[in-house]
Amino acid sequence: MLANDTKGRWVGLVDPSEFLEDYLPRSDSMPQTPCLHEDEQEALRRVATATSEKNMYEPFKASLQRYARGMVFMETSSTSANNTFHLKPDFCLYEEAVETSGKMDFSTAELCIELKPCMSYDPFDDPDAKISKGQLTTFAAAQFSSQFRIFVFSVVIVNDHARFVRWDRAGAIVTTRFNYLEKSDVLTNFFWRFSHLAREERGHDPSVSPSNLSEEDAQKIRDVLHLEAGTTLFTFAIPYNDGGKLFYGPHFPFPVRSLVGRSTRTMPVCNFVDGAPGKVVFLKEYWRQAVMRGEAEVYEHLIKHRVPHIAPLMCGGDVPRAHWKAYNDAKVLHSDITANNILIKDNGEGVLIGWELAIFLDDRTDSNIHMRRDHSVTQQFVSAALLANPGQTHTLQDDIESFLHVLVWTILSYLPSPVDENCRKSWVLLLYDYTFKTTTGQEVGGTTKADKLALGDYPPKAFNPMEYSPIIELIRTLASPFRARYGEPPTDGEKEVYEYVNAGVREDKVNMASLVTHPVYGYQLGMDRLKNSEWFLNTIDDALKRPDWPNSDGAAYKFLATTKGTLRQKKRGTQRVETDAQLLSVSSHPSGSLKRSTTTPPLLAPLEKRYRLDDNSDKSNLRQ
């Protein structure tokens, strides 16, 4: 599956010697690479002639162990630790000081190595070798998820040839295949240089390091963060104004299973001042393209225009109104409205987060102006129009529609109802996960969303809550203008009749009811309401004033991801549930946010990092 996700993300093929010079540079202090001994050459020949993976293991280690100074090759194909997704690369390279207990552990692995005895398994040569390419991608993704990484390397041995791969959140750089018997110096040079590089040069994030707190102080941090005793803590160095701040916390609790994209991870952390833990804040790590604005820049712009109900200024309030004020006053379109970007405090007040994809309306050349399909958006909440036309300009209408999809997805997933659970799963699958490929190979979707909106059947009329609630009526009212967006526009004949009726109304010759029931009137009214957020906000305000809201209408449960559908649909459903669990797992911590962003540059470009610190004194809890 990950092999498909990274389609179009492979850069190469790069000459192996150039690869070494670009990504594993030799320093002046690095000793020269020694030549292979005769027994090592013989072992390497045994690797090339082996007829099974198992028979490649022992001679591979024997031929190259001397070139991995300070490191140990460990055969990991037969056992895995509990925290490694049960994945088993053939070999991993570990620092000698690391205790692995003889088990595969991605959290400390420096390098993953795959060995295949047959050339047909070359993942970058044989178009049918998706299993091997998928394995490599999965191992790299697991390494990113288990560590604090900017990039990682891997090595592929296929029969008597080898390749090097460098991975980051934009994809992978791959070398040409070379015969390591004829060019053994290229292979030995790789391991020699790799083992002599500093940790940062091997891809470790220099802003994160193991905590140097005493055990007593570390336990104080764990107590404040509600962590189990003995939880490993890390130090996060966050640039702040002209200096920097140190914060402490555990590893991110949930893995990001995709290799490319923003790969957002969040968790509570706190600083340590004068012998005591400071305030708990949220640390946010995400990756972005170098051409995109950093989220910190977006927040600074919103603060300048006094946009309320965003993380730095959270004092409770109205998320849709915050969105409209950002659009109307600051000329910023959020463009990533999802259930995960709307946080609700215990008192019911909300905050809108996740502004890293925001579009500055005054900059029409902004790279964010078109929806990206590289894991940058959450498909379930994207408008039907953008799903059907991925290159279409993202507009205010699309964001308003996304708010609507968040509401419908939430009630279908959480609101107690007598409707059969499998029926609800089927609705969610068809409305939010179904996509198909056009004859040109482009993946599109949103057809069921568009059809339901055009018919005025959103959410499905067959859905009803266990207990009466105005929420269903409110959502269907909010959905009504989208009949104009997705339904058939009026014909010229209908427009002519409408103008005739309208003239009659102005002259008091025709009853007003004849005008408001005409299809052209409904179409124009719907399109007018979609021009801004005012009607939607007023409709919500009016609904909230109703006296017939139930006293207890909380979520009863969340059904699991459907087991039906294509592999891609099942994967999306599973990932959505995992994301829900991740957000809910940290929801009990005091509010506040610490934004730590990492950019994803174009491949072959230098990495750039930005950070953002939110210091929020509001102590109310957040929950999704």
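Coordinates for the structure precede this section.
Residues numbered from 1 in each chain as written. Predicted model: local features only at pLDDT ≥ 70, side-chain atom pairs only at ≥ 80, totals over all residues. Heavy atoms only, no water.

## Notes on the nonpolar core
Nonpolar side chains tend to gather and get buried jointly when the protein is soluble and globular.
Step number 1: Among the nonpolar cores identified, the biggest contains 59 residues, and L302, W355 and L404 are the most heavily contacted of them.
Step number 2: Tallying contributions element by element places helix 11 (residues 396–414) first for this core, with 10 residues.
Step number 3: If we skip the residues at most four places from it in the chain, L404 touches L453, Y458, I475, L478, A479 and F482.
Step number 4: Ranked by size, the runner-up nonpolar core spans 42 residues in total, among them V14, L24, M30 and A50. (Core = buried A, V, L, I, M, F, W, Y, C linked by side-chain atoms within 4.5 Å. Buried < 20%, exposed > 50% of the residue type's maximum accessible area, 1.4 Å probe, protein only. Helix = DSSP H or I, 4+ residues; strand = E, 2+ residues; numbered from the N terminus. Contact = heavy atoms within 4.5 Å.)

## Observations regarding helix 13 (residues 447–455)
Step number 1: Taken residue by residue, helix 13 has K449, A450 and L453 as its buried positions. Along the long axis of helix 13, the arc covered by the buried residues comes to 95°, so they all point the same way.
Step number 2: On its buried face, helix 13 sits against helix 10 (384–388), helix 11, helix 12 (421–433), helix 14 (470–479) and helix 15 (482–486). (Arc of directions from axis to C-beta.)

## A word on the packing of aromatic side chains
Step number 1: Scanning the model with the defined rule gives 28 aromatic pairs in all.
Step number 2: With a centroid separation of 5.5 Å and 80° between ring planes, the pair formed by F60 and F73 is classed as edge-to-face. One end of the pair, F60, is in helix 4 (residues 53–64); the other, F73, is in strand 2 (residues 71–75), and 13 residues separate them in sequence. Each member of the pair, F60 as well as F73, is classed as buried.
Step number 3: Judged by centre distance (6.3 Å) and plane angle (75°), the rings of F60 and F191 are edge-to-face. Here the residue F60 occupies a position in helix 4, and F191 occupies one in helix 6 (residues 184–196), the gap between them amounting to 131 residues. Pair check on accessibility: F60 and F191 agree, each one buried.
Step number 4: In this structure, R166 is placed above the aromatic ring of F151, and the distance from its NZ or CZ to the ring centre is 4.1 Å.
Step number 5: If you follow R202 out to its NZ or CZ, it ends over the ring of F194, 5.8 Å from the centre. (Phe/Tyr/Trp six-rings, centres within 6.5 Å; stacked < 30°, edge-to-face > 60°. Lys NZ or Arg CZ within 6 Å of the ring centre and 35° of its normal.)

## Remarks on a nonpolar patch on the surface
Step number 1: Together, L430, Y434 and F436 line one region of the surface with nonpolar side chains, adding up to about 250 Å² of accessible area.
Step number 2: Along the chain, Y434 turns up in the loop between helix 12 and strand 18 (435–437).
Step number 3: The class for Y434 is partly exposed, based on a relative accessible area of 33%. (Patch = residues over 30% accessible without salt bridge, like charges linked within 9 Å, V, L, I, M, F, W, Y side chains within 5 Å. Areas by Shrake-Rupley, 256 points an atom, 1.4 Å probe, with all protein chains shown as cover. Salt bridge = Lys/Arg side-chain N within 4 Å of Asp/Glu carboxyl O.)

## Some words on the packing of helix 3 (residues 38–49) against helix 4
Step number 1: The N-to-C vectors of helix 3 and helix 4 enclose an angle of 150°; their axes lie 8 Å apart at closest approach. As judged from the angle between their axes, helix 3 and helix 4 are roughly antiparallel. Read as a crossing pair, helix 3 and helix 4 show a hand that is left-handed. Contacts between helix 3 and helix 4 involve E40, A43, L44, R46 and V47 from the first element and M56, E58, P59, F60, A62 and S63 from the second.
Step number 2: Partitioning the contact of helix 3 with helix 4 into residue classes produces seven nonpolar, one polar and three charged. (Axes fitted to C-alpha atoms, helices over the stretch in contact; angles between N-to-C directions. Parallel < 35°, antiparallel > 145°, perpendicular 65-115°, else oblique. Left-handed = near helix turned anticlockwise from the far one by under 90°. Nonpolar A, V, L, I, M, F, W, Y, C, P; charged D, E, K, R; others polar.)

## Side note on the side chain of N341
Step number 1: Of note, N341 is situated in the loop between strand 14 (332–333) and strand 15 (342–345).
Step number 2: Not counting residues up to four positions away in its chain, the partners in contact with N341 are H334, D336, V351, L352, I353 and G354.

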